[in-house]
Amino acid sequence: MAFEEDDRVILRDEHSEYDGEEGTITQVVETMFGDENYTVSFEDGQEAGVSEDDLEAAEE
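Residues numbered from 1 in each chain as written. Predicted model: local features only at pLDDT ≥ 70, side-chain atom pairs only at ≥ 80, totals over all residues. Heavy atoms only, no water.

(A) The pattern of salt bridges, seen in detail. Overall, the coordinates contain 2 salt bridges when judged by the stated rule. Notably, a salt bridge pairs R8 with E22, separated by 3.1 Å at the nearest N-O pair. Linking R8 in strand β1 (residues 8-11) with E22 in strand β2 (residues 22-30), this pair joins segments that are 14 residues apart in sequence. For E22, a relative accessible area of 37% translates into the label partly exposed. Of the charged contacts, one joins E56 and R12 as a salt bridge, the two residues approaching to 3.1 Å between their closest N and O atoms. Pair noted here: E56 is in strand β5 (residues 55-57) and R12 is in the loop between β1 and β2, with a separation of 44 residues, a long-range link. The partly exposed category is assigned to E56, whose relative accessible area is 33%. (Salt bridge = Lys/Arg side-chain N within 4 Å of Asp/Glu carboxyl O. Helix = DSSP H or I, 4+ residues; strand = E, 2+ residues; numbered from the N terminus. Buried < 20%, exposed > 50% of the residue type's maximum accessible area, 1.4 Å probe, protein only.)

So this is what it looks like as structure tokens:
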């Protein structure tokens with residue numbers, strides 16, 4: 001499932017300080033391999049370079 005800017009997502013990355021938190025996608029960047037990486041903004045910061053595998057859609 002691809003995400004778009006302004007989508008609400010939950011980050012699932014045990015190595016991130018934002019693991020399990022809900023945030024908003026603020027940027028989508030396509031890598032040279034055709035994959036997409038995301039920048040997700042949270043209340044107190046942001047996480048850049050997040051892969052689609054580490055995100056899940058937040059409930060509306």
